[in-house]
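Listed below, chain by chain, are the residues.
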Amino acid sequence: MSDHADAPTARDVLWRFGPMVYGPTVLFALGEGAVIPLIPVIAAQLGADVATAALVASALVVGQLCGNIPAGWAVARIGERLTMAIAGLVSLAGIVGMALAPSLGIFAIAVFLIGFCAAAFGLARHSFMTTRVPLSFRARALSMLGGTFRLGMFIGPFVAAALLAIFGDEHATVWFFGGCLVATVLLVLLGPDPEKQFLAPTARGRTEAVETEDTGEPVTGSIPVPRAQRPQAGSDAGSGPGTGVIRTMWRHRRVLSTLGLAAASLSAVRSARQVVLPLWGVSIGLDAQTIALVVGISGAIDFALFYASGQVMDRFGRLWAALPAMLLMGAGFVALAFTHDLPEAAMWFAMFAAVLGVGNGLSSGILLTLGADVAPKADPAPFLGSWRTLTDAGGAVAPLLVSGIAAAASLAVATGVMGAIGLVGALAFVRWVPRYVPRVKP
């Protein structure tokens with residue numbers, strides 16, 4: 001009998017549990033996507049100059065970085081549902097602060113608070129998928145989770161534009177986010193609890209991905225964990241309930257410093273795409289409408305491919321999605337770096353923006369899936385807090401790296417450096433994915 005014979009099917013995940021599993025993420029991302037483009041605008045209205053407005057906007061990312069590890073602790077102690085409910089209520093306090101902030105400092109604190117709570121939403125669902133979704137369907141389920149976030153972030157700016165056209169006030173988008181948060185909290189508290197209805201397949205011959213010793217031998221299949229080798233309660237051999245976040249980071253320092261850094265490089269290249277493309281369009285003299293069109297098409301391609309990534313990972317293995325994604329984005333950045341002064345620079349810009357969109361789309365769900373694959377199955381939340389902190393740090397550092405290199409040399413050099421990071425990251429995935437991640441048998 002198959003190890004997953006009693007596990008929920010793909011149809012169960014999509015239809016029976018879909019609204020409760022994916023609904024909170026869609027609502028939160030929709031509201032956040034509507035607010036993000038207007039954070040610098042509201043900051044400017046409160047007296048910020050361009051540099052300060054950018055700093056205030058970055059408080060969202062900083063808050064998310066700071067929130068991952070506490071979110072991991074909360075999920076491990078009180079569960080995903082209660083963590084999301086509390087995060088939603090705290091986010092509402094942040095919304096009130098954003099809407100009614102009398103000073104720039106209070107507004108920045110409110111933005112930081114929203115980012116802090118966003119980490120809890122992301123980690124709670126990541127932990128839920130890790131423990132409840134069968135391995136054979138894990139990548140598709142997590143790619144859909146990443147896709148729902150992308151959907152909200154994609155539609156959110158259009159909702160913001162409509163609200164601005166109707167009300168003529170940027171704060172209308174903040175109150176819209178508040179409405180999304182109220183709906184999210186009600187859905188989490190009043191809807192059926194997927195944690196109770198969607199039982200983790202732990203009692204019936206579960207197979208697990210385990211962190212192996214650094215022997216140089218790749219992991220070639222799903223590895224059953226013998227009972228004698230399973231960690232006992234209170235021991236230092238495992239990461240079961242009650243294990244601290246810091247201890248979890250130390251115990252899994254090997255996978256975090258190898259596969260985790262490879263994942264951080266992917267996050268950095270993704271983040272660089274969002275910064276480089278608009279700057280490149282400005283640098284070659286395109287107007288704002290053309291830049292927005294090119295970036296929008298790239299984003300549409302990215303969104304269209306989110307489920308294909310999960311299909312590839314579940315059918316052929318994680319590396320078959322991670323490697324093409326990194327090669328496309330790395331090579332795309334490197335090639336784009338040589339087109340700045342060409343006569344057809346605008347054409348090359350549009351073409352490589354599309355290439356980067358394809359690469360980013362193929363990477364949808366990879367970071368979530370790899371984190372779930374290598375997380376301790378008994379209590380994944382503390383490890384996932386560390387994993388997400390590392391990957392988010394890669395995304396946060398990339399814009400600073402692009403800015404610094406562009407100031408010291410040129411935007412073309414900065415773009416080439418990000419491409420090189422992508423190509424090195426591809427080699428790291430080739431090296432570490434086979435070692436730590438089991439191969440999924442079709």
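Relevant structure appears above.
Draft legend 1. Quick look at helix H11 (residues 253–283). Maximum bend of H11: about 35°, positioned at Gly260. Taken from the residues just after H11, Gly285 is the one with a positive phi, measuring 90°.

Draft legend 2. Structural view of the packing of aromatic side chains. Enumeration over the complete set of coordinates arrives at 8 aromatic pairs. Between Phe28 and Phe177 the ring centres are 5.4 Å apart and the planes differ by 80°, which places this aromatic pair in the edge-to-face class. Taken together, the positions of Phe28 in helix H2 (residues 18–35) and Phe177 in helix H8 (residues 171–190) put the pair 149 residues apart, joining distant regions of the chain. Across the pair, exposure class does not vary: Phe28 and Phe177 are buried alike. Chaining the aromatic ring pairs together yields one cluster made of Phe28, Phe121 and Phe177. Over the face of the ring belonging to Trp250 we find Arg253, whose NZ or CZ atom lies 4.0 Å from the ring centre. In this structure, Arg431 is placed above the aromatic ring of Trp432, and the distance from its NZ or CZ to the ring centre is 4.5 Å.

Draft legend 3. Focus on the environment of Leu92. Following the sequence through the fold, Leu92 ends up in helix H5 (residues 80–100). Judged by relative accessible area, Leu92 falls into the partly exposed class, the value being 23%. Sequence separation of Leu92 and Gly179 is 87 residues, and the distance between their C-alpha atoms is 9.1 Å. Residues within four places of Leu92 in sequence aside, it is in contact with Gly178, Leu181 and Val182.

Draft legend 4. Main features of the nonpolar core. Grouped together as the largest cluster of nonpolar side chains are 87 residues, with contacts concentrated most on Met98, Phe107, Leu259 and Phe429. Setting aside its immediate chain neighbours within four residues, Met98 contacts Val35, Ile39, Phe107, Ala110, Val111, Ile114, His171 and Val174. Core analysis: the second largest hydrophobic core is formed by 13 residues, Met129, Val133, Phe137 and Leu145 among them.

Draft legend 5. Quick peek at the pattern of salt bridges. In total, this model carries 6 salt bridges according to the counting rule given. One salt bridge in this structure joins Arg318 and Asp373, with 2.7 Å as the shortest N-O distance. With a gap of 55 residues between them, Arg318 in the loop between helix H13 (306–316) and helix H14 (319–337) and Asp373 in helix H16 (residues 366–374) connect regions that are remote in the sequence. Neither Arg318 nor Asp373 differs from the other in exposure class; each is buried. In this structure, a network of salt bridges that share partners links the residues Arg138, Arg140, Asp314, Arg318 and Asp373.

Thresholds, definitions, all that
- Every chain is numbered on its own, with residues counted from 1 as its sequence reads.
- Thresholds applied to this predicted model are a pLDDT of at least 70 for local features of residues and 80 or more for the giving and counting of side-chain atom pairs; totals over whole chains, interfaces and linings are not thresholded and use all residues.
- Processing note: side-chain calculations cover all non-hydrogen atoms of the structure and skip hydrogens and water entirely.
- Each residue is assigned a bend, namely the angle between axes fitted to the seven residues that terminate at it and the seven residues that start at it.
- Secondary structure counts use DSSP, requiring at least four H or I residues in a row for a helix and at least two E residues in a row for a strand, with both numbered from the N terminus.
- Note on ring pairs: Phe, Tyr and Trp rings are taken, using the six-membered ring of Trp, and paired if centres are within 6.5 Å. Classes follow the plane angle, with under 30 degrees stacked, over 60 edge-to-face and the rest tilted.
- Type-normalised accessible area, obtained with a 1.4 Å probe on protein chains alone, sets the label of each residue: buried when under 20%, exposed when over 50%, and partly exposed for intermediate values.
- Ring-over charges, as used throughout, are those where CZ of Arg or NZ of Lys falls within 6 Å of the ring centre and within 35 degrees of the ring normal.
- Residue contacts are counted whenever heavy atoms from the two residues lie within 4.5 Å of one another.
- Working definition of a nonpolar core: buried Ala, Val, Leu, Ile, Met, Phe, Trp, Tyr and Cys residues. They are joined through side-chain atoms within 4.5 Å.
- By definition, a salt bridge exists where a carboxyl oxygen of Asp or Glu is found within 4 Å of a side-chain nitrogen of Lys or Arg.

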